[in-house]
Amino acid sequence: QVQLVESGGGLVQAGGSLRLSCAASGSIVNINTMGWYRQAPGKQRELVAAIASGAAVDYADSVKGRFTISRDSTRNTVYLQMNSLKPEDTAVYLCYASIKAYSGPSRGYWGQGTQVTVSA
């Protein structure tokens, strides 16, 4: 059984910062890509940032220069440092990871989501 558990969401004023964490646990052989998606009410889920096992990163244009994704492979954890937050960043942020578990082939796993609310 593999689980992704997120933490770090909350309410912040525009211009503020938050740091999200997502820890993977369970019978993990290895983790390939880890990333963050977000979904605002009435909108489609969108990729915010992703980081490969080799540390290559990708960002949505809307967050470039403001958000930084990183990972600690020893802890199976991915982080999202969010600076200069804007009201339009308000969404549920979901952690994603491509994981090879002992129980089967590599597949994607999702966290439960953490709410980020940015007030104007």
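Whatever comes next refers back to the structure up there.
Numbers given for residues are sequential positions, taken from 1 along each chain in its written order. Two thresholds apply to this predicted model, a pLDDT of at least 70 for residue-level local features and 80 or more for giving and counting side-chain atom pairs, whereas whole-chain, interface and lining totals are computed over all residues. With hydrogens and water excluded, all non-hydrogen atoms of the structure serve as input to the side-chain values.

(A) Structural context of the sheet that holds strand β8 (residues 77-82). Taken in spatial order, the four strands of this open sheet run β1-β3-β8-β7, and their pairing is antiparallel. The sheet is open, and its two borders are formed by β1 (2-7) and β7 (67-72), each paired with just one other strand. When the angles between neighbouring strand axes are averaged without regard to direction, this sheet yields 15°. Strand pairing is assigned whenever DSSP detects at least two bridges linking the two strands. A run of DSSP states H or I qualifies as a helix once it reaches four residues; a run of E qualifies as a strand once it reaches two. Both are numbered from the N-terminal end. As judged from the six bridges shared by β1 and strand β3 (residues 18-26), these two strands associate in the antiparallel manner. Lines fitted to C-alpha atoms define the axes, with helix axes restricted to the stretch in contact, and inter-axis angles between N-to-C directions lie between 0 and 180 degrees.

(B) Quick peek at unusual backbone geometry. The residue A55 is not glycine, and still its phi comes out positive at about 85°. Mapped onto the secondary structure, A55 falls in the loop between β5 (46-51) and β6 (57-59). To sort residues, take the accessible area from a 1.4 Å probe on protein chains only and compare it with the maximum for the residue type: under 20% means buried, over 50% means exposed, and anything in between is partly exposed. Exposure remark for A55: the relative accessible area of 47% places this residue in the partly exposed category. Phi angles above zero are rare outside glycine, and S84 is one such case at about 50°. Position of S84 relative to the elements: it lies in the loop between β8 and β9 (91-101). Given a relative accessible area of 39%, S84 falls into the partly exposed group.

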